[in-house]
Amino acid sequence: MISIEMITKDDKYIMESVNAILNQNFSDYEIILVDSSSKNNESEFSNFKSIKYIYDKDSNFLKARFTANKMARGDYVLLLDSTRIINDKIIQKCLNELSTKDMVIIPEINKSKSKILNEYEKNIDEEYVLSNSNPSNGIFIPRFYKKEILDKAFEEIMQKIGNEMENICALEDRMIFLEACKISNKIGVCDDYIIHRESSSLIDYMKKYYKYGKCNYYFFSKISSYSYLADPKIKRKNKLNALNNKSFKIKILFLIRSFSFIVGFFSSKFFGS
């Protein structure tokens, strides 16, 4: 059986994401949904026997992942959140890959109502990430794991950060990947992709990266075991390398995104959360 562990802090796309799972040709699965949004949505899922719904308003991303994994009963795990939409072939393709691998990277295509944001994501993120699966640099990371590998990764994380798990609101998937890489180097890549529902406007996009900046500062300054994953110097160097030969418009969007992140990072540094 496959355990699909989904976390959410925003219920905007949650039904689209859940329905995409329910429309799978594959039937041997369970969905563990940990909802940390502003309202309890349990009534919307009470009629779905395959869904275990947990509402925890105060749960940040890593804690929500940990909660879902503790409840999972499957031999394999797919890590999702409510902004990631899978098609009806992804699960079977990943299972095929896991016949010889222990974890599978699933590339993503960002989709936004904003045409310019779509162009930006395609030109920058996808280009440099697809050529680099290092957990300290990449964005496309494994989302499909053998359960035994994921369990061991969580054990290592718990030993290193303990109760700090409750405060992690970014980079949780990279932490998991980093620990999984220490257990196994058998990493596959799916030949299909997940759709990521990106911000629908430039303002929302800036707000998101401002929040990421704040979260990354906490991570960088407080979580010593993994602080290098949030090192802004590494992030900036990799993104600048991806800007070579890009249009002026793309470079401006990169600067807007970077500015939002940096403001969030340093506002958290000097003024706290």
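Everything that follows concerns the structure shown earlier in this document.
These figures come from a predicted structure and were not determined experimentally. Per-chain numbering applies: the sequence of each chain, read as written, is numbered from 1 onward. In keeping with the model being predicted, local features are shown solely for residues with a pLDDT of at least 70 and side-chain atom pairs are shown and tallied solely at 80 or more, while totals for entire chains, interfaces and linings include all residues. Values reported for side chains reflect all heavy atoms of the structure, with hydrogen atoms and water molecules removed beforehand.

So, the packing of helix H7 (residues 147-161) against helix H8 (residues 172-183)
Just so we agree on the cut-off: Lines fitted to C-alpha atoms define the axes, with helix axes restricted to the stretch in contact, and inter-axis angles between N-to-C directions lie between 0 and 180 degrees. Per the convention used, a helix needs a DSSP run of H or I reaching at least four residues, while a strand needs a run of E reaching at least two, with both numbered from the N terminus. We call two directions roughly parallel when the angle between them is under 35 degrees, roughly antiparallel when it is over 145, roughly perpendicular when it lies between 65 and 115, and oblique otherwise. A clockwise turn of the near helix away from the far one marks a right-handed crossing, whereas an anticlockwise turn of less than a right angle marks a left-handed crossing. Contacts: residue pairs with any heavy atoms within 4.5 Å of one another. Charged means Asp, Glu, Lys or Arg here, nonpolar means Ala, Val, Leu, Ile, Met, Phe, Trp, Tyr, Cys or Pro, and polar covers whatever is left, Gly included.
As a packed pair, H7 and H8 sit with axes 8 Å apart at the nearest point and diverge in direction by 115°. By the criterion of interaxial angle, the relationship of H7 to H8 is roughly perpendicular. Here H7 and H8 pass one another in a crossing that is right-handed. Residues Ile 149, Leu 150, Lys 152, Ala 153, Phe 154, Glu 156, Ile 157, Lys 160 and Ile 161 of H7 touch H8, and the partners they reach there are Met 175, Ile 176, Glu 179, Ala 180, Lys 182 and Ile 183. Of the residues contributing to the contact of H7 with H8, the split by class is 10 nonpolar, no polar and five charged.

A short note on helix H3 (residues 61-71)
Selection criterion: Working definition: with a 1.4 Å probe on protein chains only, accessible area under 20% of the residue-type maximum means buried, over 50% means exposed, and in between means partly exposed.
The complete set of buried residues in H3 reads Phe 61, Leu 62, Ala 64, Arg 65, Thr 67, Ala 68 and Asn 69. Contacts from the buried residues of H3 go to strand S1 (2-8), strand S2 (29-35), strand S4 (76-81), strand S8 (142-146), H7 and H8.

As for the pairing of S4
Going by this rule: Two strands pair if DSSP finds at least two bridges between them.
Within S4, five of the six residues are buried, which leaves the element mostly enclosed by the surrounding structure. Relative to S4, S1 runs parallel, the two being bridged by six bridges. Pairing of Ser 3 across the sheet is with Val 77, part of S4. As defined by bridge partners, S4 adjoins S8 across three bridges and the pair is classed as antiparallel. The residue of S8 that forms the bridge with Tyr 76 is Lys 146.

Some points on the sheet that holds S1
The seven strands are arranged S3-S2-S1-S4-S8-S6-S9 in an open sheet whose pairing can be described as mixed. Each of the sheet's edge strands pairs with one partner strand only, and the pair in question is strand S3 (51-55) and strand S9 (187-189). Within this sheet the neighbouring strands show an average axis-to-axis angle of 20°, counted without direction. In the packing of H8 onto the sheet, the strands contacted are S1, S4, strand S6 (103-105), S8 and S9, and the crossing angle to S8 comes to about 45°.

Topic: the state of the cysteines
Two cysteines joined by a covalent bond between their sulfur atoms form a disulfide. Our working definition: Cysteine sulfur atoms are paired as a disulfide whenever they fall within 2.5 Å.
Counted according to the given criterion, the structure contains zero disulfides. The thiol of Cys 190 is not disulfide-bonded; the next cysteine sulfur, from Cys 94, is found 4.2 Å away.

Quick word on the sheet that holds strand S10 (residues 194-197)
Working definition: the strands of a sheet are paired by backbone hydrogen bonds and lie parallel or antiparallel to each other. Taken in spatial order, the three strands of this open sheet run S5-S10-S7, and their pairing is mixed. Either end of the sheet is taken by a strand with one partner, and the two such strands are strand S5 (84-85) and strand S7 (108-111).

Thoughts on the side chain of Ser 3
One can find Ser 3 in strand S1. Among all residues touching Ser 3, those that are not within four sequence positions of it are Glu 30, Ile 32, Ala 72, Arg 73, Gly 74, Tyr 76, Val 77 and Leu 78.

A short note on the packing of helix H9 (residues 202-222) against helix H11 (residues 248-271)
Orientation of H9 relative to H11, taken along the N-to-C sense of each, is 40°, at an axis distance of 7 Å. Taken together, the axis directions place H9 and H11 in an arrangement best described as oblique. H11 is crossed by H9, and the crossing has right-handed handedness. Seen from H9, the contacting residues are Leu 202, Tyr 205, Met 206, Tyr 209, Tyr 210, Tyr 212, Gly 213, Lys 214, Asn 216, Tyr 217 and Phe 220; seen from H11, they are Leu 253, Ile 256, Arg 257, Ser 260, Phe 261, Val 263, Gly 264, Phe 265, Ser 267, Ser 268 and Lys 269. Within the contact of H9 with H11, the residues separate by chemical class into 13 nonpolar, six polar and three charged.

Some remarks on the packing of aromatic side chains
Aromatic ring pairs are reported here in terms of the distance separating the ring centres and the angle at which the planes meet. Which entries qualify depends on this criterion: Only Phe, Tyr and Trp rings are paired, with Trp represented by its six-membered ring, and only when their centres lie within 6.5 Å; those with planes under 30 degrees apart are stacked, over 60 edge-to-face, the remainder tilted.
Applying the stated criterion across every chain yields a total of nine aromatic pairs. Here the aromatic rings of Phe 66 and Phe 154 are separated by 5.7 Å at their centres, their planes lie at 65°, and the arrangement is edge-to-face. Placement of Phe 66 in helix H3 and of Phe 154 in helix H7 is noted, with a sequence separation of 88 residues between them. With a centroid separation of 6.4 Å and an interplanar angle of 25°, the aromatic rings of Phe 261 and Phe 265 are classed as stacked. In this pair, Phe 261 and Phe 265 both sit in helix H11, four residues apart, roughly one turn of the helix. Residue Phe 265 is classed as buried on the basis of its relative accessible area of 5%. Taken together, the ring pairs connect Tyr 217, Phe 261, Phe 265, Phe 266 and Phe 270 into an aromatic cluster.

A short note on a nonpolar patch on the surface
Here is the rule: Note on patches: the residues involved have over 30% relative accessible area and no salt bridge, like charges join within 9 Å, and the nonpolar side chains Val, Leu, Ile, Met, Phe, Trp and Tyr join within 5 Å. Computed with a 1.4 Å probe, the accessible areas rest on the Shrake-Rupley method; for each residue, only the protein chains presented here act as cover. Salt bridges, as used here, are contacts in which a Lys or Arg side-chain nitrogen is within 4 Å of a carboxyl oxygen on Asp or Glu.
A cluster of nonpolar residues, Ile 262, Phe 266, Phe 270 and Phe 271, forms a patch on the protein surface that exposes about 480 Å² of accessible area. Mapping Phe 271 onto the fold places it in helix H11.

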